[in-house]
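These are the residues of each chain, in order.
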Amino acid sequence: GSPTDPYIQKCNLRNILVEGNSKSLYIIRAYGLSRCHWENVTTVNGKSANGTAFQFNACNINQFDNLVCSTNYTTMTTIPYNGIVLDTGTRSGIGLGSSTNNTFNGSIIEGVAFGLSLVYADQNTFVGGTTESCTITGVATSANARFNTFIGHAAESNTSYDINDNGKSQQFINCYSLG
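Notes on the structure follow. No experiment lies behind these values; they were computed from the predicted model shown.

1. Here we look at the pairing of strand E8 (residues 82–87)
When you tally the buried positions in E8, you get six out of six residues, the bulk of the element. Relative to E8, strand E6 (residues 52–57) runs parallel, the two sharing five bridges. Within E8, the residue paired with Phe-56 across the bridge is Leu-86. Of the strand pairs in this sheet, E8 and strand E14 (residues 114–118) are connected by four bridges, and their pairing is parallel. Residue pairing in the sheet places Ile-84 in a bridge with Leu-116 of E14.

2. Things to note about the environment of Gly-46
In this structure, Gly-46 sits in the loop between strand E5 (37–44) and E6. Considered as a pair, Gly-46 and Tyr-26 are 20 residues apart in the sequence and their alpha carbons are 7.2 Å apart. Filtering out sequence-adjacent residues up to four positions away, Gly-46 remains in contact with Asn-21, Ser-22, Ser-24, Ile-27, Thr-78, Ile-79 and Pro-80.

Conventions we followed
- Residues numbered from 1 in each chain as written.
- Predicted model: local features only at pLDDT ≥ 70, side-chain atom pairs only at ≥ 80, totals over all residues.
- Heavy atoms only, no water.
- Buried < 20%, exposed > 50% of the residue type's maximum accessible area, 1.4 Å probe, protein only.
- Helix = DSSP H or I, 4+ residues; strand = E, 2+ residues; numbered from the N terminus.
- Pairing = 2+ DSSP bridges.
- Contact = heavy atoms within 4.5 Å.

Keep in mind that these numbers describe shape and distance, not what the molecule does.
Shown next as structure tokens:
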């Protein structure tokens, strides 16, 4: 597609480590991705006050396998505030709506403040993976998050909440938390 297309399709990433620093607001920020397959993508270091490891705005029909941002896995000099955030967004001036119908397999998000934040997110599936040792919350869903499914997800040892679900019709199947 062209730079003016509302969606970027088939933007695939494999076996890559992206390193931010104390000023990195976003280590990886994606707007309008569709039909992509990411595999073994690791982020380290980010802005501790409000930085985000993986920011997905209006991303749809993607498969993300083994996204990692973890203080249990590697040492970081500055830990990003958010692990994965799913939200709405625009591209080329066109409103693209919520991030929908993405599949996350085995994402490892550990040691950040908020592990997984579903802001505007519909019908996403999270299979396996962890949101552990987060300094505030492992999984947080807003009132604008609907019909998301978690299967075999581990949310444990988070300081305030393992799971704080304020959304609509989320499903948690064979998941666990310590809270």
